[in-house]
Amino acid sequence: MAKLIAGNWKMYKTPSEAKTWFQDLVKELPSTANAALMVPFTALPYAAEILEGYAAWGAQDVSVHVEGAYTGEISAKMLADLGCSYCLVGHSERRTYHGESDSLVAQKALRLQEVGITPIVCVGEPLEVREAGKQVKYTLEQLAKSTQGLDRFVVAYEPVWAIGTGKTASSEDANAMHQALKETLPGGTAVLYGGSVNPGNASSLFAESYIDGGLVGGASLKIADYLQLLAAAVG
Ligand code: PGA
């Protein structure tokens with residue numbers, strides 16, 4: 001099985017743009033690909049209609065509440081009804097811009113687990129922590145707190161300084177971090193690498209034994225780039 005390439009579209013593409021993109025993707029998607037797309041909530045109905053049998057899909061956030069008077073929120077049950085297999089939690093942009101704490105992230109992941117959606121729990125150190133050489137300790141602590149009470153989940157290790165910056169950890173550094181994370185995780189837990197993954201660096205990252213795939217922002221927005229990443233993950 002190829003390594004998983006999860007796209008993170010962030011706040012890009014209208015529903016109509018997403019619909020056309022999905023239709024174009026499935027025409028070209030090789031059967032060997034292991035693809036998942038984390039898209040805006042508004043694109044999910046089209047994902048469910050078009051990607052079934054080709055790729056998995058999911059959301060980028062979920063409410064911590066089960067249901068109720070929470071204006072503007074989207075529940076895990078709503079995502080399950082739209083056929084989501086995965087959902088991101090704790091992306092660094094949500095931690096930074098929306099003040100999400102590790103315990104909130106863990107609670108959100110539990111809501112997903114309760115409805116059978118696999119949470120993709122995002123962790124990773126900021127630049128000052130990396131420069132101080134404390135990235136392993138920092139990330140392990142963040143991961144332990146962000147997955148409290150969870151049984152089944154995927155981890156995305158995304159060094160904050162590498163997200164959207166064009167800088168990536170070297171394959172060797174990323175692999176060493178993944179090894180450290182995997183040694184503390186239940187056996188079989190996948191750890192994806194994220195942060196400026198692109199067609200130029202994908203092959204060397206995905207060749208590493210502890211890197212189980214990628215979480216990809218910018219390079220998941222163009223079909224040609226995304227297809228190259230999927231091909232690099234077949235090995
Ligand atoms: P990037 O984003 O690939 O554009 O760096 C990754 C992410 O934020 O998940």
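Residues numbered from 1 in each chain as written. Predicted model: local features only at pLDDT ≥ 70, side-chain atom pairs only at ≥ 80, totals over all residues. Heavy atoms only, no water.

Novice: What's the story with the overall build of the protein chain in this structure? I'm lost.
Specialist: In terms of regular secondary structure, the protein chain is built from ten helices and eight strands. For the protein chain, the C-alpha radius of gyration of 17 Å lies close to 18 Å, the compact-globule estimate for 235 residues. In terms of principal-axis extent, the alpha carbons of the protein chain reach across some 45 × 45 × 30 Å. The buried share of the protein chain, taken over its 235 residues, is 53%. Of the contacts made within the protein chain by residues no fewer than 6 positions apart, 72% connect residues no fewer than 24 positions apart. Carbon and sulfur atoms make up 52% of the accessible area of the protein chain, which amounts to about 10,700 Å² in all. If the 18 positive side-chain charges of the protein chain are averaged to one point and the 25 negative ones to another, these points end up 2 Å apart. (Helix = DSSP H or I, 4+ residues; strand = E, 2+ residues; numbered from the N terminus. Rg over C-alpha atoms; globule rule 2.2 N^0.38 Å. Buried < 20%, exposed > 50% of the residue type's maximum accessible area, 1.4 Å probe, protein only. Contact = heavy atoms within 4.5 Å. Areas by Shrake-Rupley, 256 points an atom, 1.4 Å probe, with all protein chains shown as cover. Lys, Arg positive; Asp, Glu negative; His and termini not counted. Charge placed at Lys NZ, Arg CZ, Asp CG, Glu CD.)

Novice: Would you explain the packing of helix H5 (residues 102-114) against helix H7 (residues 135-146) in this entry?
Specialist: Geometrically, a packed helix pair is captured by the angle between its two axes and the distance between the axes. One way to put it is that H5 packs onto H7 with a least axis distance of 7 Å and a crossing angle of 45°. Classed by the angle they form, the pair H5 and H7 counts as oblique. Of H7, the residues touching H5 (which contributes Asp 102, Val 105 and Ala 106) are Gln 142, Lys 145 and Ser 146. Partitioned by chemical class, the residues of the contact of H5 with H7 number two nonpolar, two polar and two charged. (Axes fitted to C-alpha atoms, helices over the stretch in contact; angles between N-to-C directions. Parallel < 35°, antiparallel > 145°, perpendicular 65-115°, else oblique. Nonpolar A, V, L, I, M, F, W, Y, C, P; charged D, E, K, R; others polar.)

Novice: Is there a simple way to think about the nonpolar core in this case?
Specialist: Taken as a class, soluble globular proteins show a tendency for nonpolar side chains to be buried jointly. Judged by nonpolar contacts, the single largest core of 62 residues is most densely connected at Phe 22, Leu 25, Leu 37, Leu 51, Leu 79, Tyr 193 and Phe 206. At six residues, the largest contribution of residues to this core is made by helix H10 (residues 223-232). With sequence-adjacent residues up to four places away left out, Leu 37 is seen in contact with Gly 7, Trp 9, Trp 21, Phe 22, Leu 25, Leu 51, Ala 56, Trp 57, Gly 58 and Tyr 226. Listed in part, the 13 residues of the second largest apolar core include Leu 4, Ala 36, Ile 120 and Leu 192. (Core = buried A, V, L, I, M, F, W, Y, C linked by side-chain atoms within 4.5 Å.)

Novice: I tried to follow the sheet that holds strand S6 (residues 154-157) on my own but got confused; where do I start?
Specialist: Remark on secondary structure: sheet strands pair via backbone hydrogen bonds, oriented parallel or antiparallel. Judged by pairing direction, the barrel is parallel, and its eight strands sit side by side in the order S1-S2-S3-S4-S5-S6-S7-S8 before closing back on the first. Neighbouring strand axes in the sheet, compared pairwise and without regard to direction, differ in orientation by 25° on average. As defined by bridge partners, strand S1 (residues 4-8) adjoins strand S8 (residues 213-216) across four bridges and the pair is classed as parallel. Bridging across to S8, Leu 4 finds its partner in Gly 213. The strands touched by H5 are strand S4 (86-89) and strand S5 (118-123); relative to S4, the strand with the most contacts, the crossing angle is about 170°. In the packing of H7 onto the sheet, the strands contacted are S5 and S6, and the crossing angle to S5 comes to about 150°. (Pairing = 2+ DSSP bridges.)

Novice: Sorry, what's going on with the site of the ligand here?
Specialist: Taken together, 13 residues sit near the ligand, with Lys 10, His 91, Glu 158, Gly 164 and Ser 196 positioned nearest. Gly 164 is positioned such that a nitrogen or oxygen atom in its backbone is 2.7 Å from an oxygen atom of the ligand. Gly 218 has a polar backbone atom sitting 2.9 Å from an oxygen atom of the ligand. Taking 280 Å² as the accessible area of the ligand by itself, protein coverage stands at 95%. Grouping the amino acids of the shell around the ligand by side-chain chemistry returns four nonpolar, seven polar and two charged. (Near = heavy atom within 4 Å. Polar contact = N/O pair within 3.5 Å; in protein donor to acceptor, adjacent residues only side chain to side chain.)

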